[in-house]
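Architecture and fold: a report
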Amino acid sequence: MLSGPHIHVSPAPIRPQPLRLSLKPQAPTTGHVDGGWWPRSRDLATELPALAAALDVRLGPVHRMAFAMTSWGSTPRCVEVDGRRVRLDGFHFQDKDIVHVRGLDGRRVSLLVIPPEASEAAGHDAVMAAGRRDNADSPATILAASRVLAGKPIPDPRVAADDAEDRWEGDGGRVGRRS
């Protein structure tokens, strides 16, 4: 029995989407972050290889990444990138809008993470602002100025009032005295 002609259709090649990353030029560190990164998902194991490849120019081989556990989905302790293990360190008390990436030689970059669900215009503005040479704005300020819904900002440290010691003494505290 003869069959008709066979048609083989090759699937279209999958083109990787460009990495949405902007780094400040290499210079003395200014501000809270060294650039901005706009991942496409909250799956850190999937997003890390492309980021590590791009940061290889600045840091050499990526060795570690610290991140806020509440910002990402379930994340393994290590991910293999180009035959090397990259350790992923999740913390409960880290700013949810920043990741810290460290190379094998100890060099580090801190990146503002733009939420994947940000609109095109807001995400673009935020990633570009974070990568501007002299930008010293906080992550929350960059995200707010770019119209990206930001996480709760880390409060500024409190400064004691001049009369704090007097209030302490009045409330029964003792400064510089032994009983």
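Heads up: these notes are all about the structure in this document. (Residues numbered from 1 in each chain as written. Predicted model: local features only at pLDDT ≥ 70, side-chain atom pairs only at ≥ 80, totals over all residues. Heavy atoms only, no water.)

1. With respect to the packing of aromatic side chains
In this description, a pair of aromatic rings is defined by centroid distance and the angle of the planes. To keep it simple, the criterion reads: Stacked, tilted and edge-to-face are the three classes applied to pairs of Phe, Tyr and Trp rings, where Trp contributes its six-membered ring and a pair requires centres within 6.5 Å; stacked means planes under 30 degrees apart, edge-to-face means over 60, and tilted covers the rest. Helix and strand assignments come from DSSP, with helices taken as H or I runs of at least 4 residues and strands as E runs of at least 2, each series counted from the N terminus. Only protein chains enter the accessibility calculation, which uses a 1.4 Å probe; a residue is then buried when its area is under 20% of its type maximum, exposed when over 50%, and partly exposed in between. Sitting over a ring, as applied to charges here, requires NZ of Lys or CZ of Arg to be within 6 Å of the ring centre and within 35 degrees of the ring normal.
Scanning all chains against the criterion turns up one aromatic pair. Pairing Trp-37 with Trp-72 gives two aromatic rings, centres 5.7 Å apart and planes at 20 degrees, and the pair type is stacked. A residue pair is termed long-range when its members are at least 10 positions apart, and Trp-37 in strand β2 (residues 35-37) and Trp-72 in the loop between β3 (62-68) and β4 (78-81) qualify at 35 residues. The same class applies to Trp-37 and to Trp-72, which are both buried. Taking the ring centre of Trp-38 as reference, the NZ or CZ of Arg-20 above it sits at 3.6 Å.

2. Notes on the layout of surface pockets
Any space left empty among the atoms is revealed by the rolling of a water-sized probe across them. To be explicit about the condition: The definitions used throughout rest on a 1 Å grid laid over the protein atoms alone, on which a cavity is an enclosed set of points accommodating a 1.4 Å probe that cannot get out and a pocket is an open set flanked by protein within 12 Å on both sides along at least five of seven lines; lining residues are those having an atom within 4 Å of a point. Grid points are joined across faces, edges and corners, and a volume is the space filled by probe spheres set on the points.
If you add up the space inside the largest pocket, you get close to 220 Å³. Listing elements by their share of the lining of the largest pocket, those giving two or more residues are α1 (44-59) and β7 (108-113).

3. Remarks on the nonpolar core
The criterion, for reference: Definition used in this section: a nonpolar core is a set of buried Ala, Val, Leu, Ile, Met, Phe, Trp, Tyr and Cys residues joined via side-chain atoms within 4.5 Å.
Core analysis: the biggest nonpolar cluster contains 20 residues, and Trp-37, Leu-48, Leu-55, Met-65, Val-99 and Val-101 have the highest contact counts within it. At six residues, the largest contribution of residues to this core is made by α1.

4. Observations concerning unusual backbone geometry
Backbone phi values are negative for most residues with the exception of glycine, while trans is the configuration of most peptide bonds. Positive phi, normally seen in glycine, also occurs at Asp-82, with a value near 55 degrees. One can find Asp-82 in the loop between β4 and β5 (84-91). At Arg-147, a residue that is not glycine, the phi angle is positive and equals roughly 70 degrees. Tracing the backbone shows Arg-147 in the loop between α3 (139-145) and α4 (164-170).

5. Overview of empty space enclosed by the protein
Stated formally: Under this grouping Gly is polar, as are all residues other than the nonpolar Ala, Val, Leu, Ile, Met, Phe, Trp, Tyr, Cys and Pro and the charged Asp, Glu, Lys and Arg.
Counting across every chain of the model gives one cavity of 30 Å³ or more. Volume-wise, the largest cavity comes out at about 30 Å³. Considering the residues around the largest cavity, the lining is formed by Arg-42, Ser-71, Lys-96, Asp-97, Val-113 and Pro-115. Here the lining of the largest cavity is composed, by residue class, of two nonpolar, one polar and three charged.

6. Concerning the sheet that holds β7
We apply this condition: In this scheme, strands are said to pair when DSSP sees at least two bridges between them. Simply put, an axis is a line fit to the C-alpha atoms, just over the touching stretch for a helix, and the angle between two N-to-C directions goes from 0 to 180 degrees. Residue contacts are counted whenever heavy atoms from the two residues lie within 4.5 Å of one another.
In space, the seven strands of this open sheet follow the order β1-β2-β7-β6-β3-β5-β4, with mixed pairing throughout. Edge strands, defined here as strands with exactly one partner in the open sheet, are β1 (21-23) and β4. Strand-to-strand twist in this sheet, taken as the mean axis angle between neighbours without regard to direction, amounts to 25 degrees. Note: β2 against β7, three bridges, orientation parallel. Its bridge partner being in β7, Gly-36 is matched across the sheet by Leu-112. Docked against the sheet, helix α2 (residues 120-130) engages β1, β2 and β7, running at close to 150 degrees with respect to β2.

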